[in-house]
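# Summary of the model geometry
So the chains spell out like this:
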Amino acid sequence: MPRSWSVRAAAVTATAAALAAVPATAGAAGLATASDAVRATTVTWSAVLADSSGAVQTGKPLTVSWGLFDTAPRYASVRNNGTVALTGETYAVTVTGGLLPAGVRLDACAGGTWSGGSCPGTVVALTDSAAGSSSVVRALGVGDQLSLRVSLTGTGVTTTATVGVSVSRTQIRAATTSNS
């Protein structure tokens with residue numbers, strides 16, 4: 001047998017002998033751990049605005065307008081259409097046009113729905129066009145919605161405003177684990 005074959009055979013024999021000398025419990029004792037089955041779940045987080053008719057404004061802000069001598073508030077809602085509860089949202093209000101526009105304010109009716117201009121719950125100021133945007137700590141469970149009022153804060157000839165909502169990773173509930 002050529003010398004290269006005998007060296008290879010000796011190396012294979014030495015490796016096999018070393019592996020055979022490892023106790024059967026070494027893998028379980030020091031190299032591996034056992035645990036219960038874990039199921040990973042993908043979550044999504046999102047909040048969308050819906051106008052007063054319930055039409056969802058997916059991927060775009062809500063646009064509201066007031067004409068000459070029109071000062072009536074506009075109503076909308078924000079919905080959590082994700083798969084995880086939200087701990088807050090970021091709202092933005094911008095006056096985008098109009099002739100001598102007024103300021104615009106965004107309020108929520110926590111614990112109720114705006115009806116006839118009144119809120120049966122608690123009125124919560126979210127932001128206004130002077131501030132631009134504001135992060136709000138307002139829990140919103142999966143599928144829940146919050147009733148919104150968009151109103152003028154001054155007298156303008158005509159005013160158009162955009163209202164936006166967004167959610168970041170820091171505004172969702174913390175991850176949990178369970179044995180289910």
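An account of the accompanying structure is given in this report. As the structure is a computational prediction, the values presented were derived from the model and not from experiment. (Residues numbered from 1 in each chain as written. Predicted model: local features only at pLDDT ≥ 70, side-chain atom pairs only at ≥ 80, totals over all residues. Heavy atoms only, no water.)

## Re the overall build of the protein
As a reminder of what qualifies: Note on conventions: DSSP H or I runs of at least 4 residues are helices, E runs of at least 2 residues are strands, and numbering of each starts at the N terminus. For the exposure calls, accessible area comes from a 1.4 Å probe over protein chains only, and a residue counts as buried if that area is under 20% of its type's maximum, exposed if over 50%, partly exposed in between. Throughout, a contact is declared for two residues whenever any of their heavy atoms are within 4.5 Å. Note on areas: these come from Shrake-Rupley sampling with a 1.4 Å probe, and a residue is covered only by the protein chains present in the view.
When its secondary structure is counted, the protein shows two helices and nine strands. From first element to last, N terminus to C terminus, the protein shows the α and β order α-α-β-β-β-β-β-β-β-β-β. Counting every position in the protein, which comprises 180 residues, the buried fraction comes to 28%. Put simply, 79% of the contacts in the protein that link residues at least 6 apart link residues at least 24 apart. In the form shown here, the protein has an accessible surface area of approximately 11000 Å², with 58% of it arising from carbon and sulfur atoms.

## Structural notes on the pattern of salt bridges
We count it as follows: Every case where a carboxyl oxygen of Asp or Glu lies within 4 Å of a side-chain nitrogen of Lys or Arg is listed as a salt bridge.
Going through the model one piece at a time under the given rule, you end up with three salt bridges. With its nearest N and O atoms 2.4 Å apart, the salt bridge here joins Asp 70 to Arg 74. Take Asp 70: its relative accessible area is 24%, and that puts it in the partly exposed class. What makes Arg 74 partly exposed here is its relative accessible area of 21%. A network of salt bridges, in which partner residues are shared, links Arg 105, Asp 107 and Arg 149.

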